[in-house]
Amino acid sequence: MASLLIPTLLLCYSSLSRCSESKEYPLDVFAPQEVKFHSLDYRNVLHWKQHANSTNDQQYFVQWKVYGEKQWTNAEKCHGISRLFCDLSKEMSDPREWYYARVHAAHSGTQSPWVLSARFNPKWETSVSPPTMKLHVTEKGIVVRLKPPRSPHRRPNGSWISVRRLQRMSFTIHLMQSDVEEETFEMEGCAKQLLISDLSPVTTYCLTAESRLHLLDRRSTRSPRACITTL
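About the thresholds
- Residues numbered from 1 in each chain as written.
- Predicted model: local features only at pLDDT ≥ 70, side-chain atom pairs only at ≥ 80, totals over all residues.
- Heavy atoms only, no water.
- UniProt positions renumbered as here; feature names shortened; annotations may be inferred.
- Helix = DSSP H or I, 4+ residues; strand = E, 2+ residues; numbered from the N terminus.
- Buried < 20%, exposed > 50% of the residue type's maximum accessible area, 1.4 Å probe, protein only.
- Contact = heavy atoms within 4.5 Å.
- Areas by Shrake-Rupley, 256 points an atom, 1.4 Å probe, with all protein chains shown as cover.
- Polar contact = N/O pair within 3.5 Å; in protein donor to acceptor, adjacent residues only side chain to side chain.
- Pairing = 2+ DSSP bridges.
- Axes fitted to C-alpha atoms, helices over the stretch in contact; angles between N-to-C directions.
- pLDDT = per-residue confidence, 0-100.
- Patch = residues over 30% accessible without salt bridge, like charges linked within 9 Å, V, L, I, M, F, W, Y side chains within 5 Å.
- Salt bridge = Lys/Arg side-chain N within 4 Å of Asp/Glu carboxyl O.
- Lys, Arg positive; Asp, Glu negative; His and termini not counted.
- Charge placed at Lys NZ, Arg CZ, Asp CG, Glu CD.
- Core = buried A, V, L, I, M, F, W, Y, C linked by side-chain atoms within 4.5 Å.
- Disulfide = S-S within 2.5 Å.
- Phe/Tyr/Trp six-rings, centres within 6.5 Å; stacked < 30°, edge-to-face > 60°.

The protein chain carries the name Interleukin 22 receptor subunit alpha 2 in an unreviewed UniProt entry, which gives Hucho hucho as its organism. In its Sequence similarities (unreviewed entry) section, the UniProt record describing the protein chain reads: "Belongs to the type II cytokine receptor family."

Here it is as structure tokens:
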């Protein structure tokens, strides 16, 4: 009787051991969490969070594709990385297209399932930075020159493509004196400068500017304050 019981106990112990191992290392224990895009000035970056039960020495692999296509493409610069983001601006350079991305984790020969992002379109979902502002004073008033934010994309000659080339945008300029906002001015994205006249002489004015994307009326934060004194 004892001789029959021992093999049975060993078999049960072996089965429980295998079950215990599978529970200790489930495939999704390394799966990335909250996979989503953040886009600013058409810089399209996929972000994710590390699983609470995962280790710090695991690697991540990212793939992407155009909506409607079956084939996934490896993101070359995001293959076996340890960071929790992947810049896909180059891969997703057409603002008219819709895209998907996915990421999985690997550790000690174990791979997590792929985790899919929501469908993403750069033109509809990008946010915008404030413009760069330069001031110059003349006898007529304050000349404001704005430089729109640039995208991460370049022309064939190597020059940067500004966001205003990718979609319609404009700027709002805020004029302040003694920390009190006195007036706002609208400036079309294609304009190079704005003259603010009829100002008090020998008076210090401060200005800030913000960008506006007309699609969905999306606005930037205000630029750093710049001050200048009239003649």
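## Quick word on the overall build of the protein chain
From N to C terminus, the protein chain includes two helices and 18 strands. Taken across its 231 residues, the protein chain has 39% of its residues classed as buried. By sequence separation, contacts in the protein chain at least 24 residues apart represent 58% of the contacts at least 6 residues apart. By element, 52% of the accessible surface of the protein chain is carried by carbon and sulfur atoms, the whole surface being about 14,200 Å².

## What to know about the side chain of Ser39
Structurally, Ser39 is set in strand 1 (residues 33–40). A polar contact of 2.7 Å, which involves the side chain of Ser39, links it to the side chain of Asn44. Apart from the residues lying within four places of it in its own chain, the contact partners of Ser39 are Asn44, Phe120, Glu125, Thr126 and Ser127.

## Section: the sheet that holds strand 1
Read from one edge of the open sheet, three strands run 1-2-5, paired in antiparallel fashion. Here the strands that pair on one side only, and so sit at the sheet edges, are strand 1 and strand 5 (85–87). Looking at each pair of strands side by side, their axes are set apart by 20 degrees on average, direction ignored. Here strand 2 (residues 43–49) pairs with strand 5 via three bridges, running antiparallel. Paired with Val45 across the two strands is Asp87, which belongs to strand 5.

## Observations concerning the confidence of the model for the protein chain
Residues with a pLDDT of 70 or more make up 88% of the protein chain, whose mean pLDDT is 89. Counting contacts from residues 1–25, a segment whose pLDDT is below 50, to residues more than four positions away or on other chains yields zero contacts.

## Section: the sheet that holds strand 9 (residues 132–138)
Across the sheet, which stays open at both edges, the three strands sit in the order 9-10-15 with antiparallel pairing between neighbours. Two strands close off the open sheet at either side, each with one partner strand: strand 9 and strand 15 (193–196). Taking the axes of each pair of neighbouring strands and ignoring which way they run, one obtains an average angle of 20 degrees across the sheet.

## So, a positive patch on the surface
Side chains of Lys134, Arg145, Lys147, Arg150 and Arg154 sit close together on the surface and give a patch of like positive charge. Of note, Arg154 is situated in strand 11 (residues 150–154).

## Some words on the nonpolar core
If you look at the biggest cluster of nonpolar residues, it comprises 21 residues, and the most contacted ones within it are Leu46, Trp48, Val62, Leu88 and Met92. Not counting residues up to four positions away in its chain, the partners in contact with Leu88 are Phe37, Asn44, Leu46, Val62, Trp64, Ala75 and Ala101. Within the second largest apolar cluster, 20 residues are counted, among which are Val128, Ile142, Phe171 and Ile228.

## Some points on the state of the cysteines
On inspection of all chains with the given rule, the structure shows two disulfides. Paired through a disulfide, Cys78 and Cys86 show a sulfur-sulfur distance of 2.1 Å. One quick way to see it: the torsion about the S-S bond of Cys78 and Cys86 is about 95 degrees, and its sign makes the bridge right-handed. Using a relative accessible area of 2% as the deciding quantity, one classes Cys78 as buried.

## Observations concerning the packing of aromatic side chains
Evaluated as defined, the whole model comprises four aromatic pairs. Considering the side-chain rings of Phe37 and Phe120, the 4.3 Å spacing of their centres and the 15 degrees angle between planes classify their relative orientation as stacked. Placement of Phe37 in strand 1 and of Phe120 in the loop between strand 8 (115–116) and helix 2 (122–125) is noted, with a sequence separation of 83 residues between them. Exposure remark for Phe37: the relative accessible area of 14% places this residue in the buried category.

## Digging into the pattern of salt bridges
Inspection of the entire model under this criterion finds seven salt bridges. Two residues, Arg96 and Asp94, come together in a salt bridge whose shortest N-O distance is 3.1 Å. Exposure remark for Asp94: the relative accessible area of 21% places this residue in the partly exposed category. Residues Glu181 and Arg222 are paired through a salt bridge, measuring 3.2 Å at the closest nitrogen-oxygen approach.

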